[in-house]
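Fold and contact review
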Number of protein chains: 2
Amino acid sequence: MTDAEFDAWCRQALDEVEGALSAWVPADAPAGLGEAMRYGVLDGGKRLRPLLVLAACDATRGHREAAMRAAVAVELIHAYSLVHDDMPCMDNDVLRRGKPTVHVQFGEAQAMLAGDAMQALAFEVLTPDESLVPLALQARLAGLLARSAGHSGMAGGQAIDLAATGQALDEQRLQDMHRRKTGALLQASVLMGAACGQADARAWQALSDYGAAIGLAFQVVDDILDVTQASETLGKTAGKDLDANKPTYVSVLGLARARERAAALHAQAQAALSASGLTAAHKLAMLADKVVDRES
Amino acid sequence: MTDAEFDAWCRQALDEVEGALSAWVPADAPAGLGEAMRYGVLDGGKRLRPLLVLAACDATRGHREAAMRAAVAVELIHAYSLVHDDMPCMDNDVLRRGKPTVHVQFGEAQAMLAGDAMQALAFEVLTPDESLVPLALQARLAGLLARSAGHSGMAGGQAIDLAATGQALDEQRLQDMHRRKTGALLQASVLMGAACGQADARAWQALSDYGAAIGLAFQVVDDILDVTQASETLGKTAGKDLDANKPTYVSVLGLARARERAAALHAQAQAALSASGLTAAHKLAMLADKVVDRES
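Under an unreviewed UniProt entry, the name given to chain A is Polyprenyl synthetase family protein, and the organism recorded is Rubrivivax albus. Under the UniProt heading Cofactor (unreviewed entry), the note attached to chain A is "Mg(2+)". As stated in UniProt under Sequence similarities (unreviewed entry), the record for chain A gives "Belongs to the FPP/GGPP synthase family."

This next bit is on the overall build of chain A. Check the secondary structure of chain A and you find 15 helices and 2 strands. Projected onto its principal axes, the C-alpha positions of chain A cover 50 × 50 × 35 Å. Across the 296 residues of chain A, 60% fall into the buried class. The long-range fraction of contacts in chain A, counting pairs at least 24 apart against all pairs at least 6 apart in sequence, stands at 74%. A total accessible area of about 10,700 Å² is found for chain A, and carbon and sulfur atoms account for 49% of it. Computed over 27 positive and 37 negative side-chain charges, the inter-centroid distance for chain A is 3 Å.

Before going further, it helps to examine the pattern of salt bridges. Should their charged atoms come close, side chains of opposite charge can pair. Residues and elements named next belong to chain A. As enumerated under the stated definition, the model contains 24 salt bridges over all chains in all. Residue arginine 64 pairs with glutamate 16 through a salt bridge whose shortest N-O separation is 2.8 Å. Here glutamate 16 lies in helix α1 (residues 3-24) and arginine 64 lies in helix α4 (residues 64-85), a separation of 48 residues in the sequence. Given a relative accessible area of 32%, arginine 64 falls into the partly exposed group. Overall, the relative accessible area of 30% leaves glutamate 16 in the partly exposed class.

Moving on, we come to helix α8 (residues 154-164) of chain A. Counting buried positions along α8 of chain A yields 9 of 11 residues, so the element is predominantly enclosed. All of the buried residues in α8 of chain A are Met154, Ala155, Gly156, Gly157, Gln158, Ala159, Ile160, Asp161 and Ala164 of chain A. Taken together, the buried residues of α8 of chain A touch α4, α7 (135-149) and α9 (171-195) of chain A together with α2 (33-41) and α6 (108-125) of chain B. After α8 of chain A finishes, the residue glycine 166 of chain A shows a positive phi value of roughly 85°.

Further remarks concern α4 of chain A. The end-to-end C-alpha distance of α4 of chain A is 31 Å, a good match for the 32 Å that 22 residues give at a rise of 1.5 Å each. Here α4 of chain A lies mainly inside the structure; 20 of its 22 residues are buried.

Okay, the relation of the copies chain B and chain A next. Structural alignment of chain B on chain A gives an RMSD of 0.0 Å, achieved by rotating through 180° and translating 0.0 Å along the axis. What we have between these two chains is a two-fold relation.

The next point concerns the interface of chain B and chain A. Contacts between the two partners involve 45 residues from chain B, matched on the other side by 45 residues from chain A. Here chain B and chain A share an interface that buries about 3,700 Å² over both sides, 74% of which is from carbon and sulfur atoms. At the surface where chain B touches chain A, the tally comes to 0 salt bridges. Going through the elements one at a time, α2, α4 (64-85), α6, α7 (135-149) and α8 (154-164) of chain B are the ones with two or more residues in the side of chain B that touches chain A. The element that contributes the greatest number of residues to the side of chain B that touches chain A is α6 of chain B, accounting for 12 residues. Partitioned by chemical class, the residues of the side of chain B that touches chain A number 29 nonpolar, 10 polar and 6 charged.

Residues and elements named next belong to chain B. By the element assignment, arginine 38 lies in helix α2. At 2.5 Å, the side chain of arginine 38 and the backbone oxygen of valine 25 are in polar contact. With near-sequence residues (within four places) excluded, arginine 38 lies in contact with Ser22, Val25, Pro26 and Ala27.

Let us look at the state of the cysteines. Here, disulfide denotes a covalent bond that connects the sulfur atoms of two cysteines. Inspection of the entire model under this criterion finds 0 disulfides over all chains. Cysteine 196 of chain A forms no disulfide, and the closest cysteine sulfur to it belongs to cysteine 57 of chain A, at a distance of 5.2 Å. Overall, cysteine 196 of chain A belongs to the buried group, its relative accessible area being 7%. Unpaired in terms of disulfides, cysteine 89 of chain B finds its nearest cysteine sulfur in cysteine 89 of chain A, a separation of 7.2 Å.

Residues and elements named next belong to chain A. Enumeration according to the criterion identifies 5 aromatic pairs over all chains in this entry. For the pair phenylalanine 6 and tryptophan 9, a centre-to-centre distance of 6.2 Å together with 25° between the ring planes defines the contact as stacked. Here the residue phenylalanine 6 and the residue tryptophan 9 both occupy positions in helix α1, the gap between them amounting to 3 residues, near one helical turn. Considered together, phenylalanine 6 and tryptophan 9 belong to a single accessibility category, that of buried residues.

The next subject is the side chain of serine 276 of chain A. Secondary-structure assignment places serine 276 of chain A in the loop between α14 (255-275) and α15 (282-293). A relative accessible area of 2% means that serine 276 of chain A is categorised as buried.

With 214 residues, the main nonpolar core has Leu76, Leu145 and Tyr210 of chain A together with Leu76, Leu145 and Tyr210 of chain B as its most contacted residues. Ignoring anything within four residues of it in the chain, the contact list for leucine 145 of chain A reads Ala73, Val74, Ile77, Ala122, Phe123, Leu126, Leu185 and Met192 of chain A.

All names here are of chain A. A contiguous nonpolar surface patch, about 220 Å² in accessible area, is contributed by Val94, Leu95 and Val104. Here valine 104 shows up in helix α5 (residues 102-106). When its relative accessible area of 43% is taken as the criterion, valine 104 is described as partly exposed.

On to unusual backbone geometry, then. Positive phi is not limited to glycine here, since arginine 97 of chain A has a value of about 55°. Within the secondary structure, arginine 97 of chain A sits in the loop between β1 (95-96) and β2 (99-100). Since its relative accessible area comes to 27%, arginine 97 of chain A is described here as partly exposed. In this structure, arginine 61 of chain B is a non-glycine residue whose phi angle is positive, near 50°.

It is worth spelling out the packing of helix α14 (residues 255-275) of chain B against helix α15 (residues 282-293) of chain B at this point. All names here are of chain B. Where α14 meets α15, the closest approach of the two axes is 10 Å, and the angle between their N-to-C directions is 175°. On the basis of the axis angle, α14 is roughly antiparallel to α15. Touching Ala262, His266, Ala269, Gln270 and Leu273 of α14 are Leu284, Ala285, Ala288, Asp289 and Val292, all from α15.

Parameters at a glance
- Residues numbered from 1 in each chain as written.
- Chains lettered and ligands numbered in written order.
- Predicted model: local features only at pLDDT ≥ 70, side-chain atom pairs only at ≥ 80, totals over all residues.
- Heavy atoms only, no water.
- UniProt positions renumbered as here; feature names shortened; annotations may be inferred.
- Helix = DSSP H or I, 4+ residues; strand = E, 2+ residues; numbered from the N terminus.
- Buried < 20%, exposed > 50% of the residue type's maximum accessible area, 1.4 Å probe, protein only.
- Contact = heavy atoms within 4.5 Å.
- Areas by Shrake-Rupley, 256 points an atom, 1.4 Å probe, with all protein chains shown as cover.
- Lys, Arg positive; Asp, Glu negative; His and termini not counted.
- Charge placed at Lys NZ, Arg CZ, Asp CG, Glu CD.
- Salt bridge = Lys/Arg side-chain N within 4 Å of Asp/Glu carboxyl O.
- Expected span 1.5 Å × (residues − 1).
- Least-squares fit on C-alpha atoms with pLDDT ≥ 70 in both.
- Buried area = accessible area lost by both parts, 1.4 Å probe.
- Nonpolar A, V, L, I, M, F, W, Y, C, P; charged D, E, K, R; others polar.
- Polar contact = N/O pair within 3.5 Å; in protein donor to acceptor, adjacent residues only side chain to side chain.
- Disulfide = S-S within 2.5 Å.
- Phe/Tyr/Trp six-rings, centres within 6.5 Å; stacked < 30°, edge-to-face > 60°.
- Core = buried A, V, L, I, M, F, W, Y, C linked by side-chain atoms within 4.5 Å.
- Patch = residues over 30% accessible without salt bridge, like charges linked within 9 Å, V, L, I, M, F, W, Y side chains within 5 Å.
- Axes fitted to C-alpha atoms, helices over the stretch in contact; angles between N-to-C directions.
- Parallel < 35°, antiparallel > 145°, perpendicular 65-115°, else oblique.

And the structure:
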């Protein structure tokens, strides 16, 4: 697959994801709730998680409708976590993807409700009529998503993050935090895509390893970009983690070693794909490149 | 079934629900998150929703493990909504079930995360290994729960509530708000229990009608108790809705007509059970009595 073919696939996939999000996040939810939900999830973001779902589905020649629903569901979970994370009692951030954050735009109460409703909507999207997605697959997708979003995954990582502000974490604890906070949902994206298709035990384990490696690489690169890029490029406040006295890969390892770590995780991800036995994993390989080489 | 038999069944069921909640809400979730989650859901509450699930499961001679998981899941959704609802940006309440609210005890950020993780946990509990609950049933339960919790159910109702403070709602809009805010989850409790068992189309419709009637009755009675009972009996601040200038059934209908409405809904619920064709629905009938006759 050439770079141009991959870019064309990404554009097409992102168009479909955007269309599905727009169709499934209701504009008519009561009392402005739908408006706040749509503001929180539409027209923004890199959509890395949906791309991982769809690429893993293609790699395992999977059920396309199920994968599109999984892609939308995982993005809803990601987006809700940002809405809540930006609120004054958490990170108190006013800028996200270059726009005022949801609570700035709609008030704190509506932002909290919108986040809550986005999480529920993720599970609504995963459980359509059985004529669209087999019920057994619905259950497997819901189980993967719930575990990656909950106390042992994303929410647990956020709790560690909360407790860690102002503390000097060693690398092991920093890694544990990020494996949960961002890694779990990225890994689940890959596995949800694979659940839509045919992955034997070897391929499943390899995709799990791939997901874990890029999940962590994503955060290491995020920490690097936080100190090397301007706010305009990031679409959010740069230098924020340092200002907030939060431990990051850069603060713990230094910039040079953080870059080495990102490269090593990138190599791990590619090695896992090679070991998977899957012959159609090139999009996943190119997404791993994209995670590490991105500039925002 | 005598009152004593019903009471014994309730006690037994509540013991099992409490045991399951204690087993499945993790004490060891990171950085105090598990502690906050357990504080928010254990040792308190009437557990009406779990009782409805289990009674509907018994009425349809259903899958007991699935029903216990549904009972715990629906209570987790209810409890998370209270945790978020009590926060300063919403109702700003400091007392719940006679104890300091979660955000008073653990801080706002942890309370928000605990609520978020409780919602995810509800879907984790519904999606165990397929040896425990058939995958198709898992999917149906997750779908029912998600829809009752989300934008068209509970979260939507809360958004209407938020927008309605200080406004004079007519009865129709008040009813729409409550059908979503509390009614949807109560109705889903009944239907999730029925999904665990054998309910033909007639029984399903009847149980849906029963759930809708007691769902609304519950709120009418809540509004009545808010003005007729002391805080100590309620375990929460009495007169709160009036003080907050929120529309209630009492403020819209007056106390006498609100009581008539509760009685009419009670009769509707019992009529629905009679029409269901189910021969084992006596616990549901007695739960309807309990909803209307309660003092807290």
